[in-house]
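Topology and contacts: notes
Take a look at the letters that make up each chain.
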Amino acid sequence: MRHTSVCYILSALVGLTAGQSALAADFPSDLRGGYTEQGWEDSSFEGVGLTTGVRYWYAQGGQNVESFGESFTSNDTTHFGELYLRVDDDYTKSFVNLVGGYSALINGTYSNSADGVTDAAITDGKVAYFMGDFGYMPIHFEDGDNSGGLGLIAGYQYWNDSPDMGRGNFATIDSAADVSWDVGTGEPIYGGDSTVNNLDVNALRLGVVGEADMGAFHISAEAAAIPYAQVNGTLAARIVPTTDFGTYQVTQSGPTEFSGNGYGGTAQVMVGTSIDNWNFNVGGRAWYLEARGEARYEVATVTDGVDSEPDGTYETDGTVALQNYVTDLQAFSMWRYGILAELSYSF
């Protein structure tokens, strides 16, 4: 029984081998071969390049905000450290560009008409940014050792521009529960807080880019419109100072906030050379943004306590009334421009 099974298995294997030989004889011979036979190891999928490096940006900057009949302006000089990454795909003629920077040193002056401040010193603060672009280079040319291209970019830009312009004080009153009254004088007692200048921009970027490699040196340039930007933040300003009218007080009970939409543009030019895979570039960059929107703040009117039984004890609490004020931004603009230097390495 066992010998019969073995013979049967051997006969099946012989038949299968013969069938495969017959199929191989009839199989089409024009189909593509393996990886190396097709030359895919040398195809354009290998044309992916990576460049990463650091940059230094020496920039002049400024802001101008006008609202509630007051103006808030600043002018500063800021030193930035920046990280840079670019990935190129020669096969699709596209690239991805990522840039992030943060202020290392800020100095300048600011004015705040609401607080009566003129040309006060800026010695601190924060300016940060991030840009991410996708680019497509459909136009490419070569002439001997020279080459170049033209293309389009679309991307996103985050920009926080917040030099130290002092602090805007306000009372922390959201309801009567946040106020107590002195039983001996009837005067209200409440807490306070303050905010710094903090401006956030989230923007769309659409533009054109050009590059040229002349052998001994190379040049790149881009110009991007900002067709839409969302702007919001707080101002280091107290629009309504605390005023005592005898039987009641009026005070600002929240930060001065604003929000709006804007537009603007950016531009950048870099010129440099390469040694082995190291790139040394210098150039310039400029940003500008305008916006319109609304500014708002809250005001609390707090009455004194009442001595219901004229015995010198103010046993009846006063009242609290809250009122929100909203007005248009008469003007809003911010800008930065300066010299850029880059050290990068290409893989």
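Our focus in this paragraph is the pattern of salt bridges. As enumerated under the stated definition, the model contains nine salt bridges in all. For the salt bridge of E82 with R55, the shortest nitrogen-to-oxygen distance reads 3.1 Å. One end of the pair, E82, is in strand 2 (residues 70–89); the other, R55, is in strand 1 (residues 48–67), with 27 residues separating them in the sequence. In this structure R55 comes out as buried when scored by relative accessible area, which is 8%. When the shortest N-O distance is used, the salt bridge between E342 and R55 registers 3.0 Å. Taken together, the residues span a long stretch of sequence, with E342 in strand 18 (residues 331–346) and R55 in strand 1 at a distance of 287 residues. With a relative accessible area of 9%, E342 lands in the buried category. Linked by salt bridges that have partners in common, R55, E82, R285 and E342 make up one network.

As a further point, take the pairing of strand 14 (residues 248–252). Counting buried residues along strand 14, four of its five residues qualify, which places the element largely inside the surrounding structure. Two strands pair when backbone bridges link them, and strand 13 (residues 243–244) and strand 14 are joined in this way by two bridges, in the antiparallel orientation. When the bridges of strand 14 are listed, D244 appears paired with Q249. Hairpin connection, strand 13 to strand 14: the antiparallel pair is bridged by three residues, and G246 has positive phi, about 100°. Pairing of strand 14 with strand 16 (residues 278–303), which is carried by five bridges, proceeds in the antiparallel orientation. Paired with Q249 across the strands is V302, a residue of strand 16.

Counting through the fold element by element, Q323 comes out in strand 17 (residues 320–328). In this view, Q323 contacts Y297, E298 and V299; residues no more than four positions away in its chain are not counted.

Right, let's get into the side chain of T251. With respect to the helices and strands, the residue T251 is situated in strand 14. Overall, T251 belongs to the buried group, its relative accessible area being 2%. Contact partners of T251, with chain neighbours within four places excluded, come to A171, I173, Y190, V240, T242, E298, V299 and A300.

Backbone geometry at D119 places phi at a positive 50°, although glycine is not the residue there. Within the secondary structure, D119 sits in strand 4 (residues 117–122). Classification of D119 as exposed rests on a relative accessible area of 56%. Despite not being glycine, D276 has its phi angle at roughly 55°, a positive value.

Another point: the packing of aromatic side chains. Applying the stated criterion across every chain, the model contains 11 aromatic pairs. A ring pair is formed by F258 and F332, whose centres lie 5.6 Å apart and whose planes are at 40°; its orientation type is tilted. Taken together, the positions of F258 in strand 15 (residues 256–275) and F332 in strand 18 put the pair 74 residues apart, joining distant regions of the chain. When its relative accessible area of 2% is taken as the criterion, F258 is described as buried. Given a relative accessible area of 2%, F332 falls into the buried group. For the pair Y345 and F347, a centre-to-centre distance of 4.9 Å together with 70° between the ring planes defines the contact as edge-to-face. Taken together, W57, F80, Y129, W159 and W287 form an aromatic cluster joined through their ring pairs. Cation over ring: R55 sits above Y84, and NZ or CZ is 4.0 Å from the ring centre.

Among soluble globular proteins, nonpolar side chains are generally buried collectively. Ranked by size, the top nonpolar core spans 38 residues in total, and within it V201, F258, L289 and F332 carry the most contacts. Here this core takes six residues from strand 16, the largest share from any one element. Look past the residues within four positions of F332 in its chain and what remains in contact with it is N64, V65, L199, V231, F258, L289, E290, A291 and R292. If you look at the next biggest cluster of nonpolar residues, it comprises six residues, including A171, I173, W181 and V302.

Further remarks concern the environment of V240. Looking at the element boundaries, V240 is found in the loop between strand 12 (218–235) and strand 13. We classify V240 as buried; its relative accessible area is 16%. Between the alpha carbons of V240 and Q252 there is a distance of 5.4 Å; along the sequence they are 12 residues apart. Not counting the four nearest positions on each side in its chain, V240 is found in contact with V250, T251, Q252, Y297 and V299.

Rules and cut-offs
- Residues numbered from 1 in each chain as written.
- Predicted model: local features only at pLDDT ≥ 70, side-chain atom pairs only at ≥ 80, totals over all residues.
- Heavy atoms only, no water.
- Salt bridge = Lys/Arg side-chain N within 4 Å of Asp/Glu carboxyl O.
- Helix = DSSP H or I, 4+ residues; strand = E, 2+ residues; numbered from the N terminus.
- Buried < 20%, exposed > 50% of the residue type's maximum accessible area, 1.4 Å probe, protein only.
- Pairing = 2+ DSSP bridges.
- Contact = heavy atoms within 4.5 Å.
- Phe/Tyr/Trp six-rings, centres within 6.5 Å; stacked < 30°, edge-to-face > 60°.
- Lys NZ or Arg CZ within 6 Å of the ring centre and 35° of its normal.
- Core = buried A, V, L, I, M, F, W, Y, C linked by side-chain atoms within 4.5 Å.

Nothing here speaks to function; it is all geometry.
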